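# Topology and contacts: notes
The residues making up each chain are set out below.
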Amino acid sequence: MRQEKIQVANWGNFPVMDALVYTPGSTDECLQVVQTCDTLIARGNGKCYGDAALSSHLLSTLSLNNILHFDAAQGIIDCEAGVLLADVLRIAVPKGWFFHVTPGIKNITVGGAVASDVHGKNHPVKGCFSNFLLSFQLMRADGSVVTCSKAENSDLFWQTCGGMGWTGIILSARFQLMRISSTTMRQRTVRADTLDALLRAFEEHRGWTYGAGWLDALASGSSFGRGVLYLAEHEEAQVGEVLQFEEQTGYSIPFYAPSWLLNPLSIRAHNAMLFSKGNSVEGTVGMDRYFYPLDKIGQWNRLYGRRGFVQYQFCLPENHAFDGLKSILETIKKSSDTPFLSVLKRHGERPAEAIHSFPEKGYSLALDFPRTRTVEGLVNRLDEVVWQHDGKIYLTKDALSAPRMGRVNPRDFGEAKFFSSLKGRLLAGPPD
Ligand SMILES: Cc1cc2nc3c(=O)[nH]c(=O)nc-3n(C[C@H](O)[C@H](O)[C@H](O)COP(=O)(O)OP(=O)(O)OC[C@H]3O[C@@H](n4cnc5c(N)ncnc54)[C@H](O)[C@@H]3O)c2cc1C
C-alpha cells in the first residue's frame, strides 16, 4: 500500500494541509488503515473545493477503482468507491446508459458522489444521486463492513448520503443508470435582462429536464441580476447513430496565473461576452460539452493564482429566493471582491429522509471568488444574509463559512474517527 507525507489541497487550492496519505488497494488494506489511525477521512479525487476531504490522515480511494459488475440489460453498476464517473461513462454510454443525476464534472469518484449526495442541472425532476443509489458497503470505525440501502440499515444509508465521509469509508456502491438513445443534447439559451426576469425564465421553462443559469453578478442599474438560462433535453437517436461517449479535446493551464489576471475589468469583459452570446439560441451539443463544460480545460483552478479561490454555494428557499439573491448581490457590490463564475440552479423538494442533501426547494447560487485578504470577511457577511433568509451552504464547497451554515451538527451523527478539518471547524462552533 502506498503511503506518503505530502501537502494536500482540494480544487480551490485553499486551504493547504500537510497530510499522511494512505492509498489502499483492497478492503483488507483499508482495514489496516482504519485500525492504524486514530482519526482519518476518506478522500476521493479531491474535487470538493474547500476543506472537506482534508485531515492530517487521509485514506485515498483512488486505487479502489474496479468496476465489480455492470448489468448492461438493466443499467445497474456495482463498482468500488474510487471509480470515476468518467470511467462509468466510458463503459455505460456505448450500451445506451447515462447517469440519472450528474454534477458538472466527471472526474469525481463514486464515493465522493455519495458522500456529497451530488446534484445536477435536473434537480427538480430527478433529485440527488441518492435517489438512484441502490446500496453501498461502508467500513465503520471498528473495521466492520456494513451493507446500507433504503431498506437495510436505512438510517446509516441516509446519514452517509451527503454525510461528507463522517460515517465511515464507502468501499463500493451499486446504482441505477438511465436509458439514452443518443449522445446529443438539444440546447436552448434564454437571455434575461434582470434578476426578476431570470427567475421567471426558470419558472416558465420548468417543463425542460435540464436547466442552469449564469448570473452576471457585476451588472448594475437596470441590468442588475441579468443572466442567461441554459436549457437542454436528450435528443432521440439519429438514423445510424453509434453511441459513444466523445470527450471534448481541450488543453490544460500549465502554471498558476498571476493574481491580477482575474480583475473587475477582465471579469466585466467576460460577463459582457457571455451575455451577448446568450441570445435565444437553439442548437445541438454533445453530452460531454453540455454536462461537463469545464472539464475541457485541465487545471483551470490555476487561473486563480497560487493563493487559490473559494467557491461559495448557498441555497435559499423559494419564498426568499428573490430577496435573498438581491441582498447577496448587493453585499458583493459593496465589497472589493469580485466573483468570476456564478451559476444559478432551481431545485425541487428535498425528500424528508435525505437529511444531509444540500438542495432544498428554491434556488442555489455558486460564486467563485479569488482568495484575497478580504474574502473571509465577505463570506461572513454572505453567511449572515443566507442565514437571515433561511438558507444553507453546500459543505462540499465550503472553506470559510461559519459553523452553523450547513445546518448540520456533526455531533448528531458520524464517528469520532472519521474527522475532516471541516468537521473540526463545525465542532468548534456553537450548535444550531
Ligand atoms: C468543476 C466542478 C463542478 C462541480 N459541479 C457540481 C455540481 O454540479 N453538483 C454537485 O453536487 N457538486 C459539484 N461539484 C462538487 C463535487 O461533485 C463534489 O465535491 C464531489 O464530492 C467530489 O468528489 P471527489 O471524488 O473529488 O471527492 P473528494 O473531493 O475527495 O471528497 C469530497 C467529500 O466526500 C468524502 N468522500 C470521498 N470519498 C469517500 C468515500 N469513499 N467514503 C466516504 N467519504 C468519501 C470526503 O471525505 C469529502 O468529505 C463540482 C466540483 C467541481 C470541481
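Residues numbered from 1 in each chain as written. Predicted model: local features only at pLDDT ≥ 70, side-chain atom pairs only at ≥ 80, totals over all residues. Heavy atoms only, no water.

Tallying secondary structure elements over the protein chain gives eleven helices and 20 strands in all. Whereas a compact globule of 432 residues would reach a radius of gyration of roughly 22 Å, the protein chain reaches 21 Å, a difference of no more than 12%. Considering only residue pairs separated by 6 or more positions, the protein chain has 73% of its internal contacts joining residues 24 or more positions apart. Accessible surface computed for the protein chain: about 17,700 Å², of which carbon and sulfur atoms make up 50%. For the protein chain, the distance from the average position of its 44 positive side-chain charges to the average position of its 44 negative side-chain charges is 6 Å. (Helix = DSSP H or I, 4+ residues; strand = E, 2+ residues; numbered from the N terminus. Rg over C-alpha atoms; globule rule 2.2 N^0.38 Å. Contact = heavy atoms within 4.5 Å. Areas by Shrake-Rupley, 256 points an atom, 1.4 Å probe, with all protein chains shown as cover. Lys, Arg positive; Asp, Glu negative; His and termini not counted. Charge placed at Lys NZ, Arg CZ, Asp CG, Glu CD.)

This paragraph deals with the sheet that holds strand β4 (residues 57-60). Pairing is mixed in the open sheet, where four strands are placed in the order β1-β2-β4-β3. This sheet does not close on itself; its edge strands, each paired only once, are β1 (2-9) and β3 (41-43). Within the sheet, the average angular offset between the axes of one strand and its neighbour, ignoring direction, is 40°. (Pairing = 2+ DSSP bridges. Axes fitted to C-alpha atoms, helices over the stretch in contact; angles between N-to-C directions.)

Within the open sheet, the eight strands sit side by side as β15-β11-β13-β12-β18-β19-β17-β20. Their pairing is antiparallel. Every other strand in the sheet has two partners, leaving β15 (282-286) and β20 (392-393) as the edge strands with one partner each. Bridge analysis of strand β17 (residues 309-317) against β20 gives two bridges, and the strand direction is antiparallel. Paired with F314 across the two strands is I393, which belongs to β20. On top of the sheet, helix α10 (residues 375-388) reaches β17, β19 (362-370) and β20; it is set at about 5° to β17, its chief contact.

Let's shift gears to the pattern of salt bridges. Summed over all chains, the structure comprises 18 salt bridges. Across the salt bridge formed by E282 and R188, the nearest N and O atoms sit 3.0 Å from each other. Residue E282 is located in strand β15, and its partner R188 is located in strand β11 (residues 184-192); the two are separated by 94 residues in the primary sequence. On the basis of relative accessibility, which here comes to 46%, the residue E282 falls in the partly exposed class. Within the structure, one salt-bridge network assembled from shared partners comprises D51, D398 and R425. (Salt bridge = Lys/Arg side-chain N within 4 Å of Asp/Glu carboxyl O. Buried < 20%, exposed > 50% of the residue type's maximum accessible area, 1.4 Å probe, protein only.)

Quick look at the site of the ligand now. Taken together, 35 residues lie around the ligand, and A42, G44, K47, T109 and Y394 are the ones closest in. Between N45 and the ligand, the recorded distance is 3.0 Å, taken from a backbone N or O atom to an oxygen atom. Separating a nitrogen atom of the ligand from a backbone N or O atom of H119 is a distance of 2.8 Å. For the ligand, whose free accessible area comes to 970 Å², the fraction covered by protein is 97%. (Near = heavy atom within 4 Å. Polar contact = N/O pair within 3.5 Å; in protein donor to acceptor, adjacent residues only side chain to side chain.)

A few words now on the environment of V8. With respect to the helices, strands and loops of the structure, V8 is situated in strand β1. Sequence-wise, V8 and M185 are 177 residues apart; in three dimensions their C-alpha atoms are separated by 37 Å. Apart from the residues lying within four places of it in its own chain, the contact partners of V8 are P15, V16, M17, A19, V21, R43, L54 and L58.

Quick look at unusual backbone geometry now. The linkage connecting F14 with the following residue, P15, adopts the cis geometry, with an omega of -5°. Counting through the fold element by element, P15 comes out in the loop between β1 and β2 (16-23). A positive phi angle, near 50°, is found at N153, a position not held by glycine. Looking at the secondary structure, you find N153 in the loop between β9 (145-149) and α5 (154-160). Of note, R407 is a non-glycine position whose phi angle comes to about 50°, a positive value.

Attention now goes to the domain arrangement of the protein chain. Bring the parts together and some accessible area is lost; that lost area is often taken as the interface size. On domain assignment, one finds that the protein chain holds domain 1 (2-62 + 416-428), domain 2 (67-180) and domain 3 (184-406). The centre of domain 1, based on its C-alpha atoms, is set 28 Å off from the matching centre of domain 3. Each side of the interface is counted separately: domain 1 has 13 residues, and domain 3 has 19 residues. Interface area, domain 1 with domain 3, both sides summed: about 1,500 Å², of which 57% is carbon and sulfur. The largest share of the area that domain 1 buries against domain 3 comes from W11, F14 and Y49, three residues that together contribute 45% of it. For R425, the salt bridge identified is with D398, shortest N-O distance 2.7 Å. Between domain 1 and domain 3 we count seven residue pairs in polar contact (both at pLDDT 80 or more) in total. (Domains from an automatic or database assignment. Buried area = accessible area lost by both parts, 1.4 Å probe.)

Moving on: the packing of aromatic side chains. Taken as a whole and judged by the stated rule, the model has 19 aromatic pairs. For the pair Y304 and F340, a centre-to-centre distance of 6.2 Å together with 70° between the ring planes defines the contact as edge-to-face. Of this pair, Y304 sits in the loop between β16 (297-298) and β17 while F340 sits in the loop between α9 (321-333) and β18 (342-347), and the two are 36 residues apart along the sequence. The two residues Y304 and F340 agree in class, both being buried. Of the aromatic side chains, those joined through ring pairs into one cluster are F98, F99, F129, F175, Y210, Y290, F291 and Y292. (Phe/Tyr/Trp six-rings, centres within 6.5 Å; stacked < 30°, edge-to-face > 60°.)

Attention now moves to the nonpolar core. The biggest cluster of nonpolar side chains holds 68 residues, and the ones touching the most others in it are W166, Y312, F314, L344 and F369. Beyond its immediate stretch of four places on either side in the chain, L344 contacts L198, L199, F202, A212, G213, L215, L325, Y363, S364 and L365. In terms of nonpolar packing, the next biggest core, distinct from the first, is built from 48 residues, F98, L156, M287 and F358 among them. (Core = buried A, V, L, I, M, F, W, Y, C linked by side-chain atoms within 4.5 Å.)

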